[in-house]
Every structure is written in C-alpha cells, then in structure tokens.
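# Secondary and tertiary structure notes
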Amino acid sequence: MEIAAKMSSKGQITVPKSVREALWLGATAFLASQPELYLADLIVAETVYVLKSFYKAPRDQVANAMRSLIAMRSMTTVDPALLLRAVEVYEVDRLDFAEAYLVACAKTAARR
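Criteria and cut-off values
Residues numbered from 1 in each chain as written. Predicted model: local features only at pLDDT ≥ 70, side-chain atom pairs only at ≥ 80, totals over all residues. Heavy atoms only, no water. Helix = DSSP H or I, 4+ residues; strand = E, 2+ residues; numbered from the N terminus. Buried < 20%, exposed > 50% of the residue type's maximum accessible area, 1.4 Å probe, protein only. Areas by Shrake-Rupley, 256 points an atom, 1.4 Å probe, with all protein chains shown as cover. Lys, Arg positive; Asp, Glu negative; His and termini not counted. Charge placed at Lys NZ, Arg CZ, Asp CG, Glu CD. Core = buried A, V, L, I, M, F, W, Y, C linked by side-chain atoms within 4.5 Å. Contact = heavy atoms within 4.5 Å. Patch = residues over 30% accessible without salt bridge, like charges linked within 9 Å, V, L, I, M, F, W, Y side chains within 5 Å. Salt bridge = Lys/Arg side-chain N within 4 Å of Asp/Glu carboxyl O.

### Some words on the overall build of the chain
- Within the chain, the secondary structure is distributed over five helices and four strands.
- Shown N-terminal to C-terminal, the secondary structure of the chain runs as helices and strands in the order β-β-α-β-α-α-β-α-α.
- With respect to the three principal axes, the spread of C-alpha positions in the chain is 55 × 35 × 20 Å.
- Per-residue burial for the chain yields a buried fraction of 26% across its 112 residues.
- Put simply, the chain shows about 7900 Å² of open surface, and 60% of that area lies on carbon and sulfur atoms.
- Looking at charge distribution, the chain has the averaged site of its 14 positive side-chain charges lying 4 Å from that of its 12 negative ones.

So, in structure tokens, the structure goes:
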C-alpha cells in the first residue's frame, strides 16, 4: 500500500485521515495491552496542545480523548482526579489546558 504524505510550508508532514485512524487504533490496542504505563501530567498537556493546535481537533473531542487515556486500566498517574478536573475545566471554562491545570491544582490545594 502506498501512502501519500504531504509536507506543509512549515515543514510539517501530514498523512491521510485513514492512515491516522489506523495508527490511532493500533496505538490504543498497544496501550490497553500493557500491564502498567506512567502518564505524566506534562504528557497530557502536550497531547492536548498537539491535538488542538496541529490537528485542529474540537475541544470536546480532545477532552473525551484525554478522559479515555486517563481512565485506561494500564495508565498510572500521580493524581488522576486532578487531571480529570483539569480536563473538565479545559472543556467547560474554555481555558488553555495549562491554565485549566493550574485552576485544578488551586482547587485541590484549597480542599486540603
């Protein structure tokens, strides 16, 4: 099978949607098959940034994807509740994820 990738004027390589979807399914299967994977908060922030800025994914799709990733049985995070709160603030209050994360941290600290 031949894949026709394109390069943008900014030097970014894009591949057809069908290829991206196949890669997504393969990646999801791999992640689900692992006994334990560490998901750093910074990785969530970077993933949100790439999905939103490069792929132009809608905010609700990005939020749902992050919830699914955080909820995977194989994923280990320092504080999954904090990440889920940050995703909620990102989606509902329409802040950038970094700012939503800081809001979630502040709310968590206030409860302690």
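### As for the nonpolar core
- Counting residues in hydrophobic clusters, the biggest one holds 22 residues, and the most contacted among them are Val44, Val48, Val62, Met66 and Phe97.
- For this core, the secondary-structure elements that each account for two or more residues are α2 (41-53), α3 (59-71), α4 (80-92) and α5 (97-111).
- Once you skip the residues sitting within four places of it in the chain, Val62 turns out to touch Val48, Leu51, Lys52, Ala57 and Tyr90.

### Here we look at a positive patch on the surface
- On the surface, Lys10, Lys52, Lys56 and Arg94 cluster together into a positively charged patch.
- By the element assignment, Lys10 lies in the loop between β1 (6-7) and β2 (13-14).
- Owing to a relative accessible area of 72%, Lys10 belongs among the exposed residues under this scheme.

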